[in-house]
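# Overview (structure and organization)
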Amino acid sequence: MNTQKKSAIKIFVIGFSCLLAISCGKTEQKKGQDAEPNGQAQVLNEETTQPEKLYVEMDVEAIPSLKKGDTLQIKMADGEGDDMNLKIRRIQETIPRITSVSAFVENSEKGQATLTVKGQKVSGIIDLFDQKKKYTFGYDSTMNSYYLSLMNPEDMDVLPGSAPVTPNEKGN
């Protein structure tokens, strides 16, 4: 093959490779965007995706001094529900400066709470068996307050086919 043909083939291969790379880049760019006519990604409205927060009050500083059998009270800030008394089952510093708290809500038939305390911040889950509801417990830094947020059952990972692990639930 002569030099002119080799050069023409090289130019064709380079040109084709460039077109392919540009085409793939545009395809990847479109995958990251929702199907908007102007090509801009759709921004989700945070207010519609955020569950309602029920603000609560509790004495976080008292948690390190609690022992098995003690009670930690969670008060509803705006009277939006019943106050909760968590009866401590276990409290343990699992990692330095991180405390794990396991408690019944009132008693073992009503519910259970699992909280993690790091410094002055508390997070966790409160499962109310008698109401068949689960709440996340968290801290809202903009409101400088703790809150409960109802968990959507459809968002929970549940393995089918096993016996219930919580009291008062019927098996499938």
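Preceding block: the structure.
Presented here is an overview of the structure given in this document.

Rules of the game
- Residues numbered from 1 in each chain as written.
- Predicted model: local features only at pLDDT ≥ 70, side-chain atom pairs only at ≥ 80, totals over all residues.
- Heavy atoms only, no water.
- Helix = DSSP H or I, 4+ residues; strand = E, 2+ residues; numbered from the N terminus.
- Buried < 20%, exposed > 50% of the residue type's maximum accessible area, 1.4 Å probe, protein only.
- Contact = heavy atoms within 4.5 Å.
- Pairing = 2+ DSSP bridges.

To continue, consider the side chain of Ser-149. Inspection of the secondary structure puts Ser-149 in strand 8 (residues 145–150). What makes Ser-149 buried here is its relative accessible area of 4%. Ignoring anything within four residues of it in the chain, the contact list for Ser-149 reads Pro-51, Glu-52, Lys-134, Tyr-135 and Thr-136.

Examined against the element boundaries, Gln-131 turns out to sit in the loop between strand 6 (121–128) and strand 7 (133–140). Sequence separation of Gln-131 and Lys-110 is 21 residues, and the distance between their C-alpha atoms is 8.1 Å.

Of all six residues making up strand 8, five are buried, and the element is well covered by its neighbours. Both strand 1 (residues 53–57) and strand 8 contribute to a ladder of four bridges, which runs antiparallel. Looking at the pairing, Val-56 lines up with Tyr-146 of strand 8. Alignment of strand 7 against strand 8, held across six bridges, turns out to be antiparallel. When the bridges of strand 8 are listed, Gly-138 appears paired with Tyr-147.

Quick look at the environment of Arg-97 now. As for its placement among the helices and strands, Arg-97 is situated in the loop between strand 3 (84–95) and strand 4 (98–105). Note on Arg-97: relative accessible area 69%, which makes it exposed. A C-alpha to C-alpha distance of 6.1 Å links Arg-97 and Lys-118, two positions 21 residues apart in sequence. For Arg-97, the residues in contact, after removing those within four places along its chain, are Val-117, Lys-118 and Gly-119.

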